[in-house]
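The primary structure of each chain is shown beneath.
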Amino acid sequence: MREIQFIGRLVCRFTCLLPLFLAPVVCRAQVATVDVLVTRDNGSPAVGDVVELRNHDTGFRRDAASGATGRAHFDAVPAGSGYLIRIAGEELATNLQLRANESKSVAVTRLDTIVVKASRRSTQINAIDGEVASGFHAGELQNLPIEARDLSHALMRLPHVAPATGFFPEAPSISINGANGLFAQYLIDGMDNNENFLGGPKFPMSTGTIADVSVLAASYSAEYGRTGNGVVNVTTKSGTNDWSGEAFYLTRPGRPLDSSTDYPTRDLSGNSVKDGFHRDQGGFSIGGPLLRDRTFLFANVEYTRDRKDNLLSSPALGVNATVPGQNRSVLASLKIDHQVSDALHLTAFADRGDVQIQRQGGGLDGGATFPSAGSVQDRLSNRLGASAVYRWHDLTSETNFGYSTFRWNYGRPLGSSGPQVTVESPDGLTAAVVGNPGYVFDEFERSFQLQQKLTLSHGPHVVKVGADALHSHFALAGGGNVAGNYLVQLNAAELAAVQSLGRGAALGVNDIPVTATVLDYAVELRLARFGQSQAQLGLFAEDQYSVSPNLTFTAGLRWDYDSLSKAGASSAEKDNIAPRFSVAYRLRPTLALRGGAGLFYDRIPYTVLSDALQQNTTSPAFQSQLSQLIAKGLLPADTSLDRVTFDGNLTVNPPCPQGYLNCPTPASAADLRDTAISNERRILNPSGLQNPYAVQWSAGIQWQPRSDLTASADVVLAHGYHQLRLRDLNAPVAFLPDLANLTPANIALLESLPSDAQRVALAESLGLVRSVAAADATRPIALVPGGARKIIVTETAGESKYEALTLQLQKDRADDRYGYRIAYTLSRLTNNTDDINFRASNSNEFGNEWGPSVNDRRHVVSTILYLYPFETVTLSVAGLFQSGQPVNFIPNTAIYGTTDLNGDGASFSDAYLGNSDRATGVSRNSGRLPWSKTVDLGMRYAPHVRDGRFEMSADVFNLFNATNLSGFANSATQSNQIQIYGTPFTQRNAGAPRLFQFGVRYWF
């Protein structure tokens, strides 16, 4: 509460200084600035020329005179397409594209009273600032082969962006600058679109709503915050004076057209699918004037359904059946723009996303999970807001407000809410899993955002100041099953009784004999919805100073506050001050140099706090362990146990003397909260957290040799500090294996033993493996009933280093029958943490963790060729060629009998990162997979039909059916990036084979 009051006071003090704060109106930032540089043929500035910026589609028109440096400046220009520039009646730079928050520069040369058309083109070099960015406008997105109109599939083709290896199936599917996708900032029209529990987009954007999308990779304005990585900035479509729209249908028919593969592909959510996959997608959009030149509407609605089959296989019960399932999503967007006067522009928007991902039971290649234990993952998003931009002389005010919600119910039961039962046959093999998903994860986020910005143009200066406050409240119902999870075994008679029921796929909990032997029982003692708030505030000031017609300096200062940095300390961090600087120098109208440097702070994902609450406990024994850590100097002397502990979830395993379906309830097993020994518990960091940040440098050159051709080269360097990772406060002493005993003879002897237990025993005697008991004996404090073996805390002490050179060449269509984009990135990202759940493989020796990032690629080549052989035909060929991603080598159980060489035991985070111990003598991510090579083909035939066009399309993904072992979005634990050291390569998955997508669309 104190953090909220603190932010409130700062916002009040800041906004009290804003003379044009428009209390009655609210807005979202969806405007741009345009600078037109007018020079004479001798290079001197042309002073006093009247420059007209106009958009026939919306009725926008504004004039500005060129100043002493020859620049005519236009503030608060609504983002969109179709802008043109006129001087003395001559049109220049037609069809300008403006994205939200963009600074656009255009250069023209004046000969007396005649204006030379030196820039009739849709793209201009950036001679305003050092921003390193690239993107697509709506026309390019429409012609690209993109699966299901999904934005992320297009972003993967931009420089500094690559398909991501994430750490859970639904993780963001792109990585910017090689970094973890959780830390990219997603914006819609300048406002937050992040799912703030973990990261990634909250409302999934379809290309049907996008006018322009850009990825900002480095040296961007102080206006952008909450990321030390990159920004995905979407500008949405608006209505115009002409009614336009589309109705479409897309299908991915699947087999037999799709090529066969032994490996699953992924649906749009990142989850694996295989047999019986078929997608249908349809929707419409409409945009136009409600009042010409005044009020405009744009609406978009899309529905998608995936059909997919799983195989339910239980030989013991004689069940072998196909279980059909489906995913579905509904995306809807509405936007209304209203021009009250030449000085005041208002916008209102609403977005709704309803995504359901079904786990219907069975498995991709067979499984014994029956439909009664199936589940549905719900991802529900809502965004509401409105906007106003007000101009008064040289001063522009933008006021932005948004309200959003996000619900992520990860395992809504398809069947009952009762117990889960895993049934073993007499031979000990799993015969069935019935009853319930066995866990609860239902997270709800509610956010409010308020932005206020002022821009003042005064002579050669454009000064911008602003405040951005985002308040989110989270509530999570998570943990195990309060109805209990059973592991039971049937004898031969009981198994025969179940078989005789003939229930097939409808088998449920009550079909299991009550006489079944209970082998294990687990129950959640405390299932409660709990959570806290996150308050984020950013203040910034920036001055763009035109020193001369060709030289512009931009200096900015940003301050960020994040209440989650408090963690278990007494207060949050308040010193996140980030200076930023950039320069742009135009050597001549078609050649510019640019560069920048600055600090960029990350937000802290709420899950860092949520995990520390959920996996925490206030048991007296655990608090006693913490007191011992304080006494040993492993926790600060001023640690407050009340601030670092919380009464979180706890699943226990009580004895079950009453038998099947009569095991103890949470109430009757409540005493185990203070007596059960947990393998792992977490606490809030008593020293607080520091927001991660990056120091970035960039330098580049842009050249436009002719009106339709642009080339650029950029160098980007970034050093990340205070990166998130996990530390075990009660870690055992680091284990050093006796390498002298790792001889070929001993290896051969270990491999010859018939069981893992025998291999472990011999490996321990040779000093190659340490037992859990031996490791526990070296922990600073002993295990006690009610306490924990591992005491985990999130710390901000990791680092990363990124270096990149990017070359780009882009040719627009102009009057030709072709266009292309070619980008090559040579880069390297090394770090000593890859994720919020990253832990050192050997105690806390993070110095040994330095290595390539899981998303590091040294070479990425993206090529796009657009061909227009006829007026009604468009062909696009898009290639993505990437060098291989790293491989992390783990121990060979055929030698050691275990992958836990140091005896520190399994960790909660292993399920996400697969970060078990590394093979002896091998550094992290030291291997490499081969190159990935993918070529996609898009074909469009769109003849005229009445006032519109009827388009037929066919897309072929992975045209040459290449088998790619990396270079595609996937989850780390399922990837080929984890291999057993010293053994032949094991292929776990592969990129999608050749796939087909067909569509029809009517647009006007």
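Everything that follows concerns the structure shown earlier in this document.
If you're wondering where the values come from, they're calculated on a predicted model, not measured in any experiment.

*Asks:* Residues and numbers for the state of the cysteines, please.
*Replies:* Taken as a whole and judged by the stated rule, the model has one disulfide. Two residues, Cys656 and Cys663, share a disulfide whose sulfurs are 1.8 Å apart. Taking the sign of the S-S torsion, -95° for the link of Cys656 and Cys663, the bridge is left-handed. Overall, Cys656 belongs to the buried group, its relative accessible area being 19%.

*Asks:* Describe the sheet that holds strand 52 (residues 978-980), listing the residues and the values that go with them.
*Replies:* On the basis of which strands lie adjacent, the open sheet formed by three strands has the order 47-46-52 and mixed pairing. Across the chains shown, the open sheet's two edge strands, defined by having one partner strand only, are strand 47 (927-928) and strand 52. Relative to strand 47, strand 46 (residues 886-890) is paired through two bridges, and the arrangement is antiparallel. Each bridged residue has a counterpart across the sheet, and for Val887 the counterpart in strand 47 is Gly927.

*Asks:* Can you explain the side chain of Ser173? Please cite residues and give values.
*Replies:* Mapped onto the secondary structure, Ser173 falls in the loop between strand 11 (165-166) and strand 12 (174-176). With a relative accessible area of 18%, Ser173 lands in the buried category.

*Asks:* So, the pattern of salt bridges: which residues are in play, and what are the values?
*Replies:* If you walk through the whole model with that rule in mind, you get 52 salt bridges. One salt bridge in this structure joins Glu52 and Arg54, with 3.6 Å as the shortest N-O distance. For Arg54, a relative accessible area of 23% puts it in the partly exposed group. With a closest N to O distance of 2.9 Å, Asp306 and Arg279 form a salt bridge. Note that Asp306 is positioned in strand 21 (residues 295-314) and Arg279 in strand 20 (residues 278-291), a separation of 27 residues in sequence. Within this structure, Glu147, Arg252, Asp258, Arg279 and Asp306 form a network of salt bridges that share partners.

*Asks:* I'd like to hear about the pairing of strand 33 (residues 533-548), residue by residue, with values.
*Replies:* It is a general feature of regular strands that their side chains alternate between the two faces of the sheet. Relative to strand 33, strand 29 (residues 461-479) runs antiparallel, the two being bridged by 13 bridges. Following the sheet pairing, Ala469 is matched in strand 33 by Leu537. Relative to strand 34 (residues 551-562), strand 33 is paired through 12 bridges, and the arrangement is antiparallel. Its bridge partner being in strand 34, Leu537 is matched across the sheet by Tyr561.

*Asks:* Go over the environment of Glu803 with me, naming the residues and quoting the values.
*Replies:* Checked against the element boundaries, Glu803 lands in strand 41 (residues 788-811). For the pair Glu803 and Trp697, spaced 106 residues apart in sequence, the C-alpha to C-alpha distance is 9.7 Å. At a separation of 2.6 Å, a polar atom in the side chain of Glu803 contacts the side chain of Arg828.

*Asks:* Account for empty space enclosed by the protein, with residues named and values stated.
*Replies:* Rolled over the atoms, a probe as big as a water molecule pinpoints where empty space is left. Taken as a whole and judged by the stated rule, the model has 13 cavities of 30 Å³ or more. Of the voids in this model, the second largest cavity is the one considered here, and its volume is about 350 Å³. Among the elements that line the lining of the second largest cavity, the one with the most residues is strand 40 (residues 709-728), at five residues. Residues that form the lining of the second largest cavity fall into these classes: nine nonpolar, 13 polar and four charged.

*Asks:* So, the side chain of Lys274: which residues are in play, and what are the values?
*Replies:* Secondary-structure assignment places Lys274 in the loop between strand 19 (272-273) and strand 20. Looking at Lys274, its side chain comes within polar contact range of the main-chain oxygen of Asp262, at 3.2 Å. Of note is the side chain of Lys274, whose polar atom sits 2.6 Å from the side chain of Asp365. Excluding anything up to four places from it in sequence, Lys274 contacts Thr261, Asp262, Pro264, Leu364 and Asp365.

*Asks:* Outline helix 5 (residues 606-614), listing residues and values.
*Replies:* Burial analysis of helix 5 places nine of its nine residues in the buried class, the great majority of the element. Of the surrounding elements, those touching the buried residues of helix 5 are strand 29, strand 32 (529-530), strand 33, strand 38 (678-683), strand 40 and strand 41.

*Asks:* How would you explain the packing of helix 8 (residues 744-752) against helix 9 (residues 756-765) if you had to name every residue and give the values?
*Replies:* For the pair helix 8 and helix 9, the least separation of the axes is 8 Å and the interaxial angle reads 155°. Considering their axes alone, helix 8 and helix 9 lie roughly antiparallel with respect to each other. Residue-level contacts link Leu749, Leu750 and Glu751 of helix 8 to Arg759, Leu762 and Ala763 of helix 9. Residue composition of the contact of helix 8 with helix 9, grouped by class: four nonpolar, no polar and two charged.

*Asks:* Describe the pairing of strand 21, naming the residues involved and giving the relevant values.
*Replies:* As judged from the 13 bridges shared by strand 20 and strand 21, these two strands associate in the antiparallel manner. Each residue of the ladder has a partner; that of Leu291, found in strand 21, is Thr295. The loop that links strand 20 with its antiparallel partner strand 21 comprises three residues; one of these, Asp293, has a positive phi angle of about 65°. Strand direction decides the pairing type here: strand 21 and strand 22 (residues 319-339), joined by 20 bridges, are antiparallel. Its bridge partner being in strand 22, Ser314 is matched across the sheet by Val319.

*Asks:* Talk me through the nonpolar core; I want residue IDs and the actual numbers.
*Replies:* If you look at the biggest cluster of nonpolar residues, it comprises 29 residues, and the most contacted ones within it are Leu317, Phe370, Val421 and Val488. The set of elements that each furnish at least two residues to this core consists of strand 22, strand 26 (420-424), strand 27 (430-434), strand 30 (485-489), helix 4 (492-501) and strand 31 (517-524). Considering every element that reaches this core, the biggest residue donor is strand 27, with three residues. Sequence-distant contacts of Phe370, defined by excluding residues within four places in its chain, comprise Leu312, Ser314, Leu317, Val319, Gly361, Ala431, Ala432, Val433, Val434, Gly504, Ala505 and Leu507. Leu141, Val161, Tyr186 and Ile210 belong to the second largest nonpolar core, which has 28 residues in total.

*Asks:* Now, about unusual backbone geometry: what can you tell me, with residues and values included?
*Replies:* Residue Pro256 is reached from Arg255 by a cis peptide bond, and omega for that bond is 10°. Examined against the element boundaries, Pro256 turns out to sit in the loop between strand 17 (244-252) and strand 18 (265-266). Although it is not a glycine, His393 sits at a positive phi angle of roughly 55°. In this structure, His393 sits in the loop between strand 24 (375-392) and strand 25 (395-413). Even without being a glycine, His722 presents a positive backbone phi close to 55°. Along the polypeptide, His722 turns up in strand 40.

*Asks:* Now, about the sheet that holds strand 9 (residues 132-137): what can you tell me, with residues and values included?
*Replies:* Hydrogen bonds between backbone groups are what pair the strands of a sheet, and the pairing can be parallel or antiparallel. On the basis of which strands lie adjacent, the open sheet formed by five strands has the order 9-15-16-13-14 and mixed pairing. The strands lining the two open edges of the sheet, one partner per strand, are strand 9 and strand 14 (191-192). Judged from the four bridges that link them, strand 13 (residues 185-188) and strand 16 (residues 231-236) form a sheet pairing that is parallel. Bridge assignment links Ile188 to a residue of strand 16, and that residue is Val234.

What counts, and at which threshold
- Residues numbered from 1 in each chain as written.
- Predicted model: local features only at pLDDT ≥ 70, side-chain atom pairs only at ≥ 80, totals over all residues.
- Heavy atoms only, no water.
- Disulfide = S-S within 2.5 Å.
- Buried < 20%, exposed > 50% of the residue type's maximum accessible area, 1.4 Å probe, protein only.
- Pairing = 2+ DSSP bridges.
- Helix = DSSP H or I, 4+ residues; strand = E, 2+ residues; numbered from the N terminus.
- Salt bridge = Lys/Arg side-chain N within 4 Å of Asp/Glu carboxyl O.
- Polar contact = N/O pair within 3.5 Å; in protein donor to acceptor, adjacent residues only side chain to side chain.
- 1 Å grid on protein atoms, 1.4 Å probe; cavity = no way out; pocket = protein on both sides within 12 Å on 5 of 7 lines; lining within 4 Å.
- Points joined across faces, edges and corners; volume = space filled by probe spheres on them.
- Nonpolar A, V, L, I, M, F, W, Y, C, P; charged D, E, K, R; others polar.
- Contact = heavy atoms within 4.5 Å.
- Axes fitted to C-alpha atoms, helices over the stretch in contact; angles between N-to-C directions.
- Parallel < 35°, antiparallel > 145°, perpendicular 65-115°, else oblique.
- Core = buried A, V, L, I, M, F, W, Y, C linked by side-chain atoms within 4.5 Å.

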